[in-house]
Number of protein chains: 2
Amino acid sequence: MIILGLDPSLSCTGWGLIRSEGSRIAHVANGEVKTDASAPMSARLDHLYSAIAAVIATYAPDRAAAEEVFANKNPQSTLKLAQARGAVLAACGAANLAVNEHAARLVKKSVVGTGGADKAQVQAMLKVLLPGAQIAGADAADALAVAIADAHLSYSPTAR
Amino acid sequence: MIILGLDPSLSCTGWGLIRSEGSRIAHVANGEVKTDASAPMSARLDHLYSAIAAVIATYAPDRAAAEEVFANKNPQSTLKLAQARGAVLAACGAANLAVNEHAARLVKKSVVGTGGADKAQVQAMLKVLLPGAQIAGADAADALAVAIADAHLSYSPTAR
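Treat the numbers as computed from the prediction; the structure is a model and nothing was measured.

Reading the values: rules and limits
- Residues numbered from 1 in each chain as written.
- Chains lettered and ligands numbered in written order.
- Predicted model: local features only at pLDDT ≥ 70, side-chain atom pairs only at ≥ 80, totals over all residues.
- Heavy atoms only, no water.
- Helix = DSSP H or I, 4+ residues; strand = E, 2+ residues; numbered from the N terminus.
- Rg over C-alpha atoms; globule rule 2.2 N^0.38 Å.
- Buried < 20%, exposed > 50% of the residue type's maximum accessible area, 1.4 Å probe, protein only.
- Contact = heavy atoms within 4.5 Å.
- Areas by Shrake-Rupley, 256 points an atom, 1.4 Å probe, with all protein chains shown as cover.
- Arc of directions from axis to C-beta.
- Pairing = 2+ DSSP bridges.
- Axes fitted to C-alpha atoms, helices over the stretch in contact; angles between N-to-C directions.
- Buried area = accessible area lost by both parts, 1.4 Å probe.
- Salt bridge = Lys/Arg side-chain N within 4 Å of Asp/Glu carboxyl O.
- Nonpolar A, V, L, I, M, F, W, Y, C, P; charged D, E, K, R; others polar.
- UniProt positions renumbered as here; feature names shortened; annotations may be inferred.
- Parallel < 35°, antiparallel > 145°, perpendicular 65-115°, else oblique.
- Left-handed = near helix turned anticlockwise from the far one by under 90°.

**Q** Run through the overall build of chain A, naming residues and quoting values.
**A** When helices and strands are tallied, chain A shows 5 helices and 5 strands. The helix and strand sequence of chain A, counted from the amino end, reads β-β-β-α-β-α-β-α-α-α. Taken over C-alpha atoms, the radius of gyration comes to 15 Å for chain A, in line with the 15 Å a tight globule of 160 residues would show. Projected onto its principal axes, the C-alpha positions of chain A cover 45 × 35 × 25 Å. Residues counted as buried form 49% of the 160 residues belonging to chain A. Counting only contacts in chain A whose residues sit at least 6 apart along the sequence, the fraction spanning at least 24 positions is 63%. As presented, chain A carries roughly 7100 Å² of accessible surface, and 51% of it is formed by carbon and sulfur atoms.

**Q** Residues and numbers for helix H3 (residues 104-112) of chain B, please.
**A** Residues and elements named next belong to chain B. Leu106, Val107, Ser110 and Val111 are the residues of H3 that are buried. Projected onto a plane normal to the axis of H3, the buried residues spread over an arc of 125° and lie on a single side. Where H3 terminates, the next one or two residues include Gly113, which has phi positive at roughly 110°.

**Q** How would you sum up the environment of Leu45(B)? Please name residues and give values.
**A** By the element assignment, Leu45(B) lies in helix H1 (residues 41-59). Residue Leu45(B) is classed as buried on the basis of its relative accessible area, which comes to 0%. Distance from Leu45(B) to Thr35(B), taken between C-alpha atoms, is 8.3 Å for residues 10 residues apart in sequence. Sequence-distant contacts of Leu45(B), defined by excluding residues within four places in its chain, comprise Gly86(A), Leu89(A), Ala90(A), Leu10(B), Gln83(B), Ala84(B) and Ala87(B).

**Q** Could you give an account of the sheet that holds strand S3 (residues 24-34) of chain B, with specific residues and numbers?
**A** Through backbone hydrogen bonds, the strands of a sheet pair up, either in parallel or in antiparallel fashion. All names here are of chain B. The strand order across the open sheet formed by 5 strands is S3-S2-S1-S4-S5, and the pairing between neighbours is mixed. Since the sheet does not close on itself, it has two edges, and those belong to S3 and strand S5 (99-102), each with one partner. With direction set aside, neighbouring strand axes in the sheet form an average angle of 25°. Here 4 bridges tie strand S1 (residues 2-7) to strand S4 (residues 63-67), and the two strands are oriented parallel to one another. Among the inter-strand pairings, Leu6 is bridged to a residue of S4, identified as Ala66.

**Q** Tell me about the interface of chain B and chain A, and name the residues and values.
**A** Of the residues lining the interface, 25 residues belong to chain B; the matching set on chain A comes to 25 residues. In this assembly, chain B packs against chain A so that about 1800 Å² is buried in total across both faces, 72% of it on carbon and sulfur atoms. Summed over the three residues of chain B that lose the most area to chain A, namely Ser42(B), Leu79(B) and Gln83(B), the buried surface amounts to 27% of that side. Linking chain B to chain A there are 0 salt bridges. Sorting the residues of the side of chain B that touches chain A by element identifies H1 and helix H2 (75-94) of chain B as the ones contributing at least two each. For the side of chain B that touches chain A, the element with the most residues is H2(B), which contributes 13 residues. Residue composition of the side of chain B that touches chain A, grouped by class: 18 nonpolar, 5 polar and 2 charged.

**Q** Can you lay out the UniProt feature "binding site: Mg(2+) 1" (unreviewed entry) in chain A for me, pointing to particular residues and giving the numbers?
**A** All names here are of chain A. UniProt's entry tags Asp7 and Asp139 with the feature "binding site: Mg(2+) 1" (unreviewed entry), counted in the numbering of this structure. These residues run over 133 residues, yet every pair of their C-alpha atoms falls within 6.2 Å of each other. Considering the arrangement of structural elements, one finds Asp7 in strand S1 (residues 2-7). In this structure Asp7 comes out as buried when scored by relative accessible area, which is 18%. For Asp7, the contacting residues outside a window of four places in its chain are Cys12, Thr13, Gly14, Asp139, Asp142 and Ala143. Within the secondary structure, Asp139 is located in helix H5 (residues 138-155). Note on Asp139: relative accessible area 23%, which makes it partly exposed. The residues touching Asp139, leaving out its near neighbours within four places in the chain, are Asp7, Cys12, Gly14 and Glu32.

**Q** An account of the packing of helix H3 (residues 104-112) of chain A against helix H4 (residues 119-129) of chain A is requested, with residue identities and associated values reported.
**A** Residues and elements named next belong to chain A. Where H3 contacts H4, the two axes come as close as 9 Å, and the packing angle between them is 45°. One finds that H3 runs oblique with respect to H4. The way H3 lies across H4 gives a crossing that is left-handed. Residue-level contacts link Lys108, Val111 and Val112 of H3 to Gln121, Val122, Met125 and Leu129 of H4. Across the contact of H3 with H4, the residue classes tally to 5 nonpolar, 1 polar and 1 charged.

**Q** Give me the UniProt feature "binding site: Mg(2+) 2" (unreviewed entry) in chain A: which residues, what numbers.
**A** Residues and elements named next belong to chain A. Using the residue numbers shown here, the UniProt feature "binding site: Mg(2+) 2" (unreviewed entry) corresponds to Glu67. With respect to the secondary-structure elements, Glu67 resides in strand S4 (residues 63-67). Residues contacting Glu67, with those up to four places away along its chain left out, are Leu6, Arg85, Glu101, His102, Ala104, Val107 and Val146.

Take a look at the structure:
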């Protein structure tokens, strides 16, 4: 079972793939898709869509997962984030890939053991859980974390 | 010059095409894309993306236009709307179509003459401006209105 974790945002969308077998997980690949802030919105969204479609075509994941979005205090940030997410999820839909949504606290709890973990703790645990993986950046790390959480949650649903 | 107006939303995205030559406009086509509320989000967004991509492939518009989004009082509605918009704009981007954004008041002012016009006034003016057009519904009407506004604004930019 290959799981694609996604951390969509307009400027930089992280993605991370893991292989999950029972309680065991292994790193497959990860990366970040950056868009040019000076390009038209439709071109930036097309870039995100196309790049994630290419990742899906290359690695043929069985399912996908992303953190639940919540409305930010800044409405313009929320709109940008949600538009990016719409393009990325549409690319998943084109490949008949369902996208499980997990609350951010649940992702942290699943990866680190506590819902209040900070980014540094999540990244330190990724090194333990996916030894040897070269991680492209903070957004790719977040994407791998949500993929790991998705694997854990489907293996032991009582962890919810 | 063929202009594609768009009124994106998750449950029903309106689209409308007009031909614009100087100060003259004519109706080309319009329609609405509805998605199944019981389907996964990624499938709904894929449906919007694919349907708008098909409209673009069929009519080969020269440019596109949509109303500016604003954050709704209900954050969940804003997130749904913006995700739908992201999928629709990504389809425009895939066809190298720029999407002009116009404020809702400016669209009404351009079509009816006053920024405070209601939906009924906009629809009545559409019958005058696009005689004989069969309009698929309220969302298709809104899409035609933004296409007309885009034509007017590019013909007489001082109307801004």
